[in-house]
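What the coordinates show
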Amino acid sequence: MARTVYDKPLVYLDNAATTQKPRCVVEAMVDEYYNVNANVHRGVHFLSQKATDLHEASRETVKQFINAENSSEILFTRGTTESINLLAYCFGEAFMEAGDEILVSEMEHHSDIVPWQLIAERKGLKIKVIPITDNGEIDIKAYNKLLDESERLKIVCVTHVSNVLGTVNPVKTMVESAHRHGVPVLVDGAQSTPHFKVDMQELDCDFFAFSGHKIYGPTGVGVLYGKERWLDKLPPYQGGGEMIKRVSFEKTTFNDLPYKFEAGTPDYIGTHALATALDYVSAIGFDTIKAHELMLTDYALQQLRTIDNIQIYGHPEGGNGDAVISFNIKGIHHLDLGTLLDRLGIAIRTGHHCAEPLMHRLGTEGTVRVSFALYNTKEEVDSLIAGIRRVAKMF
Ligand code: PMP
């Protein structure tokens, strides 16, 4: 990376938090602001129609990117967190009553826990937890048992890839099992969409959420995918703007999908930039991305394992780990390691990674986390390892 920090070349290994943006994404935003900026959907004038075309073409790009059946199943949101809040609120309102159950995994991000707790609190629902194994994988036996035992289960919520452990969960089989019990599944795709092809027809999940900024797109825009037959039955989330058909003081009727869920002026600059990012990723291709990131992850794991007193979480031998590695080094607080690496120009993340229940399960209050993107290099892994060795010597 050309950027330097503290006079050192920046080694950016915090991609699970957010990715850096390719030039085409930034330029798409600048170009639209300069040349095509007008509010979408409402204007008959040239610019408004152009901006609307770009916005709706972006929905089509997302639809194709995740292989949804219909572009009306693509709802634009501010990101994964808002997508899950929308779903928890609307699904809870439509389909859940006091005593009903929600299943979430022990490795969920807070964004896939707290929205469910909020609706659970309001409606008297119960949250049950799918445990993980010591290897950092979903305990599938326990999951199936929970499915068998939970008579009032209404939805399963699971992350596709853990933002702490890098574990890729077997969501396709989890969906199959849940569907055998007549239960829909939400997949949190925040950490899978940047790394490998996700396919709604193949996964057959009922809902899928992801964020633009983690896949080289802009901040403030994300997606909630939902099967049409579910979305049709959900009430609106917020009111105002394009989500109505007709409004009177006596009665308001709501717009068709997807607009029913998109109140107010959408982030049309963001959606166009997101589509540009998805096109960028598609042009490189997931075969190339996956191979490169796998090489980096394997190399980093191999090098990290040579460091004294290191504990790496998840990533069992022969396991299915993605481009995220969490670890601790005995005798060095994760925050100290992160701060000292930063001084060497190495950006990694420390703390609980918005997964406090998982930290509890791992028996730690935080970890150091490195996470890769398509632009990282083997030399950057070498810098990380050299940096860790240098810091370790100081303790
Ligand atoms: N789920 C997972 C698995 C994540 O990694 C993140 C981001 N760290 C989120 C949800 C929340 O994403 P956002 O902040 O973009 O809404």
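Residues numbered from 1 in each chain as written. Predicted model: local features only at pLDDT ≥ 70, side-chain atom pairs only at ≥ 80, totals over all residues. Heavy atoms only, no water.

1. Structural notes on the packing of aromatic side chains
Here the structure, examined in full by the defined rule, presents ten aromatic pairs. Centre to centre, the rings of Phe91 and Phe95 are 5.0 Å apart; their planes meet at 50 degrees, and the pair counts as tilted. On the criterion of helical spacing, the pair formed by Phe91 and Phe95 is a turn pair, its members being four residues apart in helix H3 (residues 80-95). Looking at Phe95, the relative accessible area reads 25%, which means it is partly exposed. Among the aromatic residues, those joined into a ring-pair cluster are Phe91, Phe95, Phe207 and Trp230. Sitting over the face of the ring of Tyr299, Lys378 holds its NZ or CZ atom 4.6 Å from the ring centroid. (Phe/Tyr/Trp six-rings, centres within 6.5 Å; stacked < 30°, edge-to-face > 60°. Helix = DSSP H or I, 4+ residues; strand = E, 2+ residues; numbered from the N terminus. Buried < 20%, exposed > 50% of the residue type's maximum accessible area, 1.4 Å probe, protein only. Lys NZ or Arg CZ within 6 Å of the ring centre and 35° of its normal.)

2. Section: the side chain of Gln303
Locating Gln303 in the fold gives a position in helix H10 (residues 286-304). Residue classification places Gln303 among the buried positions, given a relative accessible area of 19%. Residue contacts for Gln303: discarding those within four places in its chain leaves Ile385 and Arg389. (Contact = heavy atoms within 4.5 Å.)

3. Thoughts on a nonpolar patch on the surface
A surface patch of nonpolar side chains, amounting to about 320 Å² of accessible area, comprises Val26, Val30 and Tyr34. Counting through the fold element by element, Tyr34 comes out in helix H1 (residues 23-36). (Patch = residues over 30% accessible without salt bridge, like charges linked within 9 Å, V, L, I, M, F, W, Y side chains within 5 Å. Areas by Shrake-Rupley, 256 points an atom, 1.4 Å probe, with all protein chains shown as cover. Salt bridge = Lys/Arg side-chain N within 4 Å of Asp/Glu carboxyl O.)

4. A short note on the site of the ligand
What surrounds the ligand is the set Thr80, Thr81, His109, Ser111, Thr159, Asn163, Asp188, Ala190, Gln191, Ser211, His213 and Lys214. Lys214 places a polar side-chain atom, nitrogen or oxygen, 2.8 Å from a nitrogen atom of the ligand. Coverage of the ligand by the protein chains reaches 85% of its 400 Å² of free accessible surface. Considering only residue class, the shell around the ligand consists of one nonpolar, nine polar and two charged. (Near = heavy atom within 4 Å. Polar contact = N/O pair within 3.5 Å; in protein donor to acceptor, adjacent residues only side chain to side chain. Nonpolar A, V, L, I, M, F, W, Y, C, P; charged D, E, K, R; others polar.)

5. Some points on the nonpolar core
Ile66, Val156 and Phe208 are the most contacted members of the largest nonpolar core, which has 54 residues in total. Broken down by element, the residue count for this core peaks at five residues, all from helix H9 (residues 268-284). Built from parts of two domains, this core gets at least three residues from each of domain 1 (4-16 + 286-392) and domain 2 (23-282). What Ile66 contacts, discounting residues up to four positions off in sequence, is Ile74, Val198, Asp199, Met200, Phe210 and Tyr225. In terms of nonpolar packing, the next biggest core, distinct from the first, is built from 27 residues, Leu13, Ile329, Ile385 and Ile388 among them. (Core = buried A, V, L, I, M, F, W, Y, C linked by side-chain atoms within 4.5 Å. Domains from an automatic or database assignment.)

6. Considering the domain arrangement of the chain
Per the domain assignment, the segments making up the chain are domain 1 (4-16 + 286-392) and domain 2 (23-282). A C-alpha centroid distance of 28 Å is found between domain 1 and domain 2. Taken together, the two surfaces of domain 1 and domain 2 that pack against each other cover about 2,500 Å², and 57% of this comes from carbon and sulfur. If you sort the residues of domain 1 by the area they bury against domain 2, Phe286, Leu358 and Arg361 come out on top, with a joint share of 28%. Connecting domain 1 to domain 2 are two salt bridges. With a closest N to O distance of 3.7 Å, Arg361 and Glu106 form a salt bridge. Of all the secondary-structure elements, those providing two or more residues to the side of domain 1 that touches domain 2 are H10, strand E14 (324-329) and helix H12 (356-362). At six residues, H12 tops the list of elements feeding residues into the side of domain 1 that touches domain 2. Taken together, the residues of the side of domain 1 that touches domain 2 break down into 18 nonpolar, eight polar and six charged. (Buried area = accessible area lost by both parts, 1.4 Å probe.)

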